[in-house]
Each structure stands twice: as C-alpha cells, then as structure tokens.
2 protein chains.
Amino acid sequence: MEMKSVTRSLRILEAVAQHQPVTVGELTKLFGLPKSTVQRTLVTLAEAGWLRANRRDTTRWEIGARVLAVRPAALQGSSLFAAAREPMVRLRDEVNETIHLSVPDALQCMVVVDRVDCDHAVRTFHAIGDTSPLHATAAGRSVLAHLPKRDIEELIARGLERYSDTTPTDPDELRAELGRIRTDGYAVNLNQYRPGVCAIAAPVLDEDGTPLATVAVSMPDSRFDVNRLPDWGRIVADTAAEVTGRRLNA
Amino acid sequence: MEMKSVTRSLRILEAVAQHQPVTVGELTKLFGLPKSTVQRTLVTLAEAGWLRANRRDTTRWEIGARVLAVRPAALQGSSLFAAAREPMVRLRDEVNETIHLSVPDALQCMVVVDRVDCDHAVRTFHAIGDTSPLHATAAGRSVLAHLPKRDIEELIARGLERYSDTTPTDPDELRAELGRIRTDGYAVNLNQYRPGVCAIAAPVLDEDGTPLATVAVSMPDSRFDVNRLPDWGRIVADTAAEVTGRRLNA
DNA sequence: AGGGGCCGTGCCACAATGTGGAACGTTGTG
DNA sequence: CACAACGTTCCACATTGTGGCACGGCCCCT
C-alpha cells in the first residue's frame, strides 16, 4: 500500500522486458503517465544497472545484464540448471518433444525456467518466464502432489479455476489425481489448461522431499498416444529422479 | 540522481538475492537503515511479486520467480540459451573442462549466464551472475575484438585496470591482441584476471556481426597446455560458431 | 516460568522526495 | 523550410516516503 514510486518503477521495468527495446513515448502511452515521470524512472533504473540504452538506437531502452545476478534461491549458483541440463537433452532425444523445466512460485503458479526444443514443425511453445496454474497442468500437479496436505488444502480452498472443459475443478477429483501421481511417479495433462496441449511431468525433489522443480514433456494432442503413456511416464520420472540425484551430488 | 527510494529498493533486492533467505534485521545491519524503512521496502517488493516469504521460515525473505520473466533481450525466449546448451555440453565432453556462457553488459563487463561443469576434482568456479572486466579476460576480449573501433577506444580511454602482473594495461598491447583474436577466431587468458585461472573463448555473433555472447573453456593453469592451444582454440571457435548458427535458425 | 532477542506491524509529524506541466532542443518528414 | 513528433530538462508544489518509537507475538536460553 505504499512506495508508489517503487511499485511503478518495477511495473515499468517489467514492461521494458516485454517490449524491449522500447522508447519513452511507447511507455507513456502504455501507462498513461506523464512523459517526465517515465523518463525519470528509466534513468534511475539505468543508473542502478537494471536498464541500459540500446547500443544501436540510444533512444530505446532494454534490460541490463544486472538482473541475471538476481535469481530465486532454487536456481542460485545454477545447481538446478546445471544438474537438469543433460538429462533434459537426453530426454528430448529419446521422445523428440519439447522439454520444460519449471519451478513453483510459492503456492501461486509454476514458472518455466528452461527449455529444450524438439524438431517437429508443429510443437508446443512456452517462453522462459511463462507461468501456469498449479492445479491445471501436469507440471503444477506433479509439484502439488508432493507438498504437505495443508498446502494442498489451502490451494483448494482458494478455488480451482476452470480453463477448459477437462480442468479438474472438483476438490475430490483433484485429491484422487494427486494420489495417483504419488503412486505412479508422474502427472499427466490432456488439454486441461491450454487447448491442444498435453504433457507428462515428474518432480525434482530437495533433500527432504520438498518439490523444487519439475521436468515436463509437452506436445500437441495430435501426437499424444495413450499407449505410450506408461512408458513415457516412466522415462520422465527417471529423468526427474536423475536430476534430483545430480543436484544433491553437486 | 533521483528516486532515492527506487534505488534503495533495488539495492535491497540485490542484497536479498545474495543473502537469501534473509531477515529484516540482517538487512538493517547490512545497510544501516531504520528497520521500518527496510520492512516497508520488503513488503512493497513482495506485493509486486519480486520477493516472497520463505515457505519454511516465514520471517525470512527470498527472491520470487517473477524476476525470471525479466531478462536481457539477447536471452529473451531463451533462444541463446537453448541454442548454446548442446554445443556447450559437447565441448565439455571433448575437453573435460568447465564451459561458461557469458554476455556483455553494455561496455561495462561480462556476466556469466550459464555453465557446464567438468568432472575434475580441481576446477575453476564462476557462479551465474558473476561479472568480469572486458579487457582482462578471454571472454571479454573475444567480445571486445568484434565491437566497433569507437567502442574499443572508449573502453581504452576509460583506463585499463590491472588485476595481475600479466593483465594487458597497455593500449597498444591490447589493440594488437584484439587483432590477433580477430584473425585466430579465439581469445586466450593466462592468469590475467584471477590468479591461477586460464581460459580460451570465442564469440557468438548476431546476424550483423555484433557479439552477443561468448563461449569459454576455463581451467586451472596447472592443466593449461600450450601445445594443445591451437587445437582447443579451433574447437572453441567451432562451438561458438555452431551456437551462432543454431540461434539464427531457431 | 521468566526474560531477552528478534520478528512483523502500526502510528504519525515532518520535510525530503518525487511529481508532472510546460518549455527546450533535436531529428526527420512532407 | 516549417511543422510535427519525440526525447530531455527544469522547477515550484504538495504528495510521498521517512524513521523514530512503541506494541504484540514467537522462540530460545537460563
């Protein structure tokens, strides 16, 4: 409820990230703020090293490399990244579908932090930084299944939003599905969030069993083959388990 | 020179990143600021999604996943990351030394953005987000060599700081070395920045020849073998060229 | 049980700080 | 050549953030 200038500066920073390289004028239109206010904010952010002028067109602003030093603890020192890298590539080679690495943001959502592409002409696309709800995706549920019961109930109490006609919005249905995920070791999503997108996901766990991240294979539903599911489920779970192991030995 | 609260908030954000998970008290000691000021700042940053309370110890603060959506344009959509991944792993397999991917931050410094580890017990270590000067490292010079002459002269005019007794601090010496890098296709660093660390680096270029990033092999000087240099130089240059190519076709 | 840290939170008078309208300089376009 | 569009600078005003203080809760130590 306070620090208006700080809140606004961060909004502007995010807008620059989305539209970079961007001019002062474009941002003033976007926010409906006075030109001088936007300008002052940009200069301040740049002096702090978070923004910089584009090298070719110095009237355009872009994100500075400083932000790379600021990362969630799970990714600090890149142990998760580094550990996940090679298993993800091998998984992609095996199934030839896009692989995503995502981390949970509190109990809010999953955030995509890394990706290995497949070479199909038709493929799913999620940019680094994209978010998705915990209950409606394979990635989210694979994490959710391994959280303490009170966290699961808290999320259910907040309400299960519907994104498609197969989104699990019934608490009991979701609880049952989470149980299945715990026994099978992987989660599945068939068109439950974004139409046409299917995925299989398994969690990367911390020393104490807390889910840190998830490895997911995602594909257009046209290529999803239910007969391969047990096989692929096992492969994904093995990959996630390998990442868990490599991270702990790093 | 303005927006004190914004500048301070960003400093606090960076401090949280370095010390996470961290308490209000630790930050007040670190900055010598009043508790209420730090507290208010943390709450504001958290409301904006940039910070969050640690799940286990809710009095400790850590970085939220929101920051992952804010990245330099070169990394946006992860095209550089994704393109570099596999070539870096292959390079590591070939030389069994640590591989770094770094990007230039304006004309200020290089920032490490990705890493593939080797399996030697003794190895060099640079965390993601670490920075290094442009003139004193292989990574920096490999980028510098491909910048416009006026940028090179601007950097020289700012002064070439000495970090070890082999750091190139003489402008002519540096200019000559940059010429050699352009003809050879790779840069070399023997103890010129951090004592005991050697590296070989080659740049990843944009469509128009602008250096976007650099791929570097780094190793303890005890394992640096000058006889292998031409070979390894070529391999590193080939790897960087492959990343350049993959990125443009992605 | 009791006490001492240390945490998060709330309050409020003060003035430093950020605000935004308006004017200036520059670029490029008809 | 003049006009338009844009980035940049300036400054008086009052909104905004400040920081000292105090309260209540929690945990650890004695």
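In this report, we go over the structure that sits alongside the text.

**Some words on the overall build of chain A**
Stage number 1. On a plain count of helices and strands, chain A comes out with eight helices and eight strands.
Stage number 2. Counting only C-alpha atoms, chain A reaches 60 × 40 × 40 Å along its principal axes.
Stage number 3. Buried residues in chain A amount to 56% of all 250 residues.
Stage number 4. Long-range contacts, defined as pairs at least 24 residues apart, comprise 56% of the intrachain contacts of chain A with a sequence gap of at least 6.
Stage number 5. Summed over its atoms, the accessible surface of chain A is roughly 10,600 Å², and 51% of this surface lies on carbon and sulfur atoms.
Stage number 6. When the 31 positive and 33 negative side-chain charges of chain A are each reduced to one mean point, those points stand 8 Å apart.

**Focus on the environment of Ala213 of chain B**
Residues and elements named next belong to chain B.
Stage number 1. Following the sequence through the fold, Ala213 ends up in strand 8 (residues 211-220).
Stage number 2. We classify Ala213 as buried; its relative accessible area is 0%.
Stage number 3. For the pair Ala213 and Val113, spaced 100 residues apart in sequence, the C-alpha separation works out to 9.4 Å.
Stage number 4. Filtering out sequence-adjacent residues up to four positions away, Ala213 remains in contact with Leu80, Leu101, Ser102, Val103, Pro104, Val143, Pro203 and Val204.

**Observations concerning the protein's contact with DNA strand C**
Stage number 1. Around DNA strand C sit 18 residues in total, of which Arg8 and Arg40 of chain A together with Met3, Lys4 and Val24 of chain B are the nearest.
Stage number 2. At the protein interface, 64% of the atoms of DNA strand C within 4 Å belong to sugar or phosphate.
Stage number 3. Take Ser36 of chain A: an N or O atom from its side chain is 2.8 Å from a base nitrogen of DNA strand C.
Stage number 4. Here a phosphate oxygen of DNA strand C and a side-chain polar atom of Gln39 of chain B are 3.0 Å apart.
Stage number 5. Counting residues per element, the ones that place at least two in the surface near DNA strand C are helix 1 (4-19) and helix 3 (35-47) of chain A together with helix 1 (4-19), helix 2 (24-31) and helix 3 (35-47) of chain B.
Stage number 6. A per-class count over the surface near DNA strand C returns four nonpolar, nine polar and five charged.

**Remarks on the sheet that holds strand 4 (residues 109-116) of chain A**
For sheets, the rule is that strands pair by backbone hydrogen bonds, running either parallel or antiparallel.
Residue and element names in this part refer to chain A.
Stage number 1. Read across the sheet, six strands follow the order 5-4-3-8-7-6 without closing on themselves; strand pairing throughout is antiparallel. Bordering the open sheet on either side are strand 5 (131-133) and strand 6 (187-190), each of which pairs with just one other strand. Direction aside, the axes of adjacent strands within the sheet are offset by 30 degrees on average.
Stage number 2. As defined by bridge partners, strand 3 (residues 98-105) adjoins strand 8 (residues 211-220) across five bridges and the pair is classed as antiparallel. Note on strand 8: the bridge partner recorded for Ile99 is Val217.
Stage number 3. The strands touched by helix 8 (residues 229-248) within the sheet are strand 6, strand 7 (197-205) and strand 8, with strand 7 carrying the most contacts at an inclination of about 35 degrees.

**Observations regarding the sheet that holds strand 4 (residues 109-116) of chain B**
Residues and elements named next belong to chain B.
Stage number 1. Here six strands make up an open sheet; going across it, the order is 5-4-3-8-7-6 and the pairing antiparallel. With one partner strand each, in any of the chains shown, strand 5 (131-133) and strand 6 (187-190) form the two edges of the open sheet. Within the sheet, the average angular offset between the axes of one strand and its neighbour, ignoring direction, is 30 degrees.
Stage number 2. Judged from the three bridges that link them, strand 4 and strand 5 form a sheet pairing that is antiparallel. By the bridge assignment for strand 5, Val111 is matched with Thr131.
Stage number 3. Seen against the sheet, helix 8 (residues 229-248) touches strand 6, strand 7 (197-205) and strand 8 and runs at an angle of roughly 35 degrees to strand 7.

Parameters at a glance
- Residues numbered from 1 in each chain as written.
- Chains lettered and ligands numbered in written order.
- Predicted model: local features only at pLDDT ≥ 70, side-chain atom pairs only at ≥ 80, totals over all residues.
- Heavy atoms only, no water.
- Helix = DSSP H or I, 4+ residues; strand = E, 2+ residues; numbered from the N terminus.
- Buried < 20%, exposed > 50% of the residue type's maximum accessible area, 1.4 Å probe, protein only.
- Contact = heavy atoms within 4.5 Å.
- Areas by Shrake-Rupley, 256 points an atom, 1.4 Å probe, with all protein chains shown as cover.
- Lys, Arg positive; Asp, Glu negative; His and termini not counted.
- Charge placed at Lys NZ, Arg CZ, Asp CG, Glu CD.
- Near = heavy atom within 4 Å.
- Polar contact = N/O pair within 3.5 Å; in protein donor to acceptor, adjacent residues only side chain to side chain.
- Nonpolar A, V, L, I, M, F, W, Y, C, P; charged D, E, K, R; others polar.
- Pairing = 2+ DSSP bridges.
- Axes fitted to C-alpha atoms, helices over the stretch in contact; angles between N-to-C directions.

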